[in-house]
Amino acid sequence: MPRYIKKDFPSHNVRRFLEPGPIVLVSSAYKDETNIMTMGWHMVMEFSPALVGCLISSGNHSFELVRGSRQCVINIPTVDLATTVVKIGNTSGSNIDKFAEFGLTPKPGTHVRAPLIEECYANFECELADAGWVKKYNVFVFEVVKAHVATAPKYPKTIHYRGDGEFMISGAETAEYRKLFRPGML
Ligand SMILES: Cc1cc2nc3c(=O)[nH]c(=O)nc-3n(C[C@H](O)[C@H](O)[C@H](O)COP(=O)(O)O)c2cc1C
């Protein structure tokens with residue numbers, strides 16, 4: 001068992017250890033506009049209905065599109081898109097069309113108006129399930145109403161965010177601990 005020497009750590013930075021990723025791209029559509037933003041702050045909240053909490057800052061252009069349409073698509077990019085993912089997070093859709101700017105393909109969904117990003121490994125069409133935390137925390141609780149997932153590879157190389165510009169790429173898979181796992185646990 002490892003033993004660590006520890007020191008005080010600023011609580012505002014604990015996110016660096018807790019942020020699970022994967023980094024996602026949130027696409028949205030409202031009136032005659034579409035947009036994409038990069039998002040690391042999301043949380044699974046329920047199996048069924050499949051609820052996901054998403055923190056979308058009120059300063060982001062996407063906030064208005066998502067709040068107005070009450071929909072979005074959560075897209076899962078892989079490491080091949082890492083540069084684009086960061087650039088999308090550095091720009092605002094208020095002055096550029098991010099689909100055109102970054103050469104991404106908008107694909108119509110089946111349940112929501114927000115476009116799927118074709119180049120992403122998975123696309124989850126979402127409808128707003130609970131707006132109760134929007135005002136206080138900028139958190140939208142979405143229900144995934146339709147999921148599209150690539151058939152291969154089984155384990156995509158997703159991008160995970162530690163904060164402060166540090167990223168990691170999903171790595172080794174192991175089934176070693178499965179035998180310890182009690183069925184029924186998360
Ligand atoms: C790696 C990364 C993770 C980010 N995570 C979030 C997040 O969880 N929530 C958020 O509101 N903004 C997040 N941002 C910032 C937005 O992506 C950024 O403000 C973006 O430009 C918003 O685009 P928009 O104004 O077109 O909506 C992140 C940016 C990066 C680069």
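Check the entry above for the structure.
Predicted, not measured: the structure shown is a model, and the values here were computed from it.

### Thoughts on the site of the ligand
The environment of the ligand is formed by 21 residues, the closest being Thr-38, Ser-57, Ser-62, Thr-91 and Gly-93. Interatomic distance of 2.8 Å between a backbone N/O atom of Trp-41 and an oxygen atom of the ligand. The side chain of Ser-92 places a nitrogen or oxygen atom 3.5 Å from an oxygen atom of the ligand. Alone, the ligand offers 640 Å² of accessible surface; in the complex the protein occludes 86% of this. A molecule is said to occupy a pocket when more than half its atoms come within 2 Å of that pocket's grid points, and by this definition the ligand occupies the largest pocket. Ranked by the residues each element gives to the shell around the ligand, the list is headed by strand 2 (residues 33-39), at 4 residues.

### Some thoughts on the nonpolar core
Counting residues in each nonpolar core, the largest one holds 20 residues, and the members touching the most others are Ile-56, Ile-74, Phe-140 and Phe-142. Those elements that place two or more of their residues in this core are strand 1 (24-30), strand 2, strand 4 (51-55), helix 2 (61-69), strand 5 (71-76), strand 8 (122-130) and strand 9 (139-149). Formed by 12 residues, the second largest nonpolar core is a distinct cluster that contains Val-85, Ile-88, Phe-99 and Cys-120.

About the criteria used
Just so you know, the residues in each chain are numbered from 1, in the order the chain's sequence is written. In view of the model being predicted, local features appear only for residues whose pLDDT reaches at least 70, and side-chain atom pairs are presented and counted only at 80 or more, with totals across whole chains, interfaces and linings using the full set of residues. Hydrogens and water are ignored here; the side-chain numbers use all heavy atoms of the structure. By convention in these notes, a residue is near a molecule or strand provided one of its non-hydrogen atoms lies within 4 Å of it. Whenever a nitrogen or oxygen atom comes within 3.5 Å of another N or O atom, the pair is scored as a polar contact, on the condition that within protein one atom can donate a hydrogen and the other can accept it, and that pairs from neighbouring residues in sequence are kept only if both atoms are in side chains. Here the open area of atoms and residues is found with the Shrake-Rupley method and a 1.4 Å probe, where only the protein chains shown may cover a residue. The distinction between a cavity and a pocket rests on a 1 Å grid over the protein atoms alone: a 1.4 Å probe fits inside a cavity but cannot get out, while a pocket stays open yet meets protein on both sides within 12 Å along at least five of seven lines, and a residue with an atom within 4 Å of a point counts as lining. Each molecule is assigned to a cavity or pocket provided more than half of its atoms lie within 2 Å of the corresponding grid points. Only DSSP runs of H or I with at least four residues qualify as helices, and only runs of E with at least two residues qualify as strands; both kinds are numbered from the N terminus onward. Take the buried Ala, Val, Leu, Ile, Met, Phe, Trp, Tyr and Cys residues and link them wherever side-chain atoms come within 4.5 Å; each set so joined is a nonpolar core. Only protein chains enter the accessibility calculation, which uses a 1.4 Å probe; a residue is then buried when its area is under 20% of its type maximum, exposed when over 50%, and partly exposed in between.

Just geometry here; none of it tells us what the structure is for.
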